[in-house]
Amino acid sequence: FPTRRSSDLVSAGAGALVDGGEQAGRVGEWIALLNDLLAQAAIDIAEAEFELPMVPWCWLAFGSEGRLEQTLHTDQDNGLIFLAADEAEAESLRARFLPFAQRVNILLDACGFSLCKGGIMAGNPCWCLSLAEWRGRFSDWMRSASADDLLNATIFFDFRPLYGNATFIRYIDDALETTSKAAYANVSYAVTDALRHLDVAVAESGAEVLVPESLPVISGDSNELIRLFQNLIANALKYFGIVGNPS
């Protein structure tokens, strides 16, 4: 099995690409794809050690890994989703999946992907959830304007299936689409969501985007509001340093 040396080799290769003039976005994608292979190998090994429930499940990557934008040194941001008939079954299935997920987290740590200090890992009961539970979490985050929920949005809304049965992941997308088309739009969420799609562009420009701590909830379409802020911020970055510092 790959060891911590594996992540060191990935970092060394990425460093060589940067030194050769490769764009940051391309290097991040290259790192994420190699990290995917290491994670899939860890999951393969752990899966052989456990008798997992015979239900659809999938390992999820979040944050920069979910966006294929990883940096040279990264910790783990992952979760697990499974199909359950009801709350009682979800509790029972979670108890069976958690030892497996914790084993995967340990194997990834041995490869050089540090355990997440914030506990955003599939081995944490908070992020080993049924489809219904994940849909509820995402909907709650979109409807709330709290600082913690906005932080969660920047991490969890960039999710990507990494291993397992991903066919039911579309139901999360459907839930997000339905919630975003509700009568009200959270401006704080819209700005945060727009920025997470532009984080590489912001970093490369050297600009600093300041977001007020409190923004209103308004009547409107969340998707359209996100696209509006993406366009506004992207245009500001385009002219940053040319016509002064846009604010």
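Before reading further, recall that the structure is shown in the block above.
Residues numbered from 1 in each chain as written. Predicted model: local features only at pLDDT ≥ 70, side-chain atom pairs only at ≥ 80, totals over all residues. Heavy atoms only, no water.

(A) Region of the structure containing the overall build of the protein. Per the secondary structure count, the protein includes 10 helices and 6 strands. Relative to its full complement of 247 residues, the protein shows a buried share of 44%. Of the roughly 12,600 Å² that the protein leaves accessible, carbon and sulfur atoms contribute 55%. (Helix = DSSP H or I, 4+ residues; strand = E, 2+ residues; numbered from the N terminus. Buried < 20%, exposed > 50% of the residue type's maximum accessible area, 1.4 Å probe, protein only. Areas by Shrake-Rupley, 256 points an atom, 1.4 Å probe, with all protein chains shown as cover.)

(B) Representation of the nonpolar core in the model. If you look at the biggest cluster of nonpolar residues, it comprises 36 residues, and the most contacted ones within it are Phe62, Ile81, Trp134, Phe138 and Phe156. When contributions to this core are tallied by element, the ones reaching two or more residues are β1 (57-61), α5 (131-143), α6 (147-156), α8 (187-196) and α10 (222-238). Looking at which element gives the most residues to this core, the answer is α8, with 6 residues. In contact with Ile81, not counting residues within four places along its chain, are Pro56, Trp57, Cys58, Leu60, Leu129, Ser130, Leu131, Trp134, Phe168, Ile169 and Ile172. By size, the runner-up hydrophobic cluster in this structure holds 26 residues, among which are Ala39, Ile43, Phe97 and Leu108. (Core = buried A, V, L, I, M, F, W, Y, C linked by side-chain atoms within 4.5 Å. Contact = heavy atoms within 4.5 Å.)

(C) Fine view of the packing of aromatic side chains. Under the definition given, this model contains 14 aromatic pairs. Between Trp59 and Phe100, the ring centres sit 6.3 Å apart and the planes meet at 80 degrees, which makes this aromatic pair edge-to-face. Taken together, the residues Trp59 in strand β1 and Phe100 in helix α4 (residues 87-111) connect sequence positions 41 residues apart. A single burial state applies to Trp59 and to Phe100, both of which are buried. (Phe/Tyr/Trp six-rings, centres within 6.5 Å; stacked < 30°, edge-to-face > 60°.)

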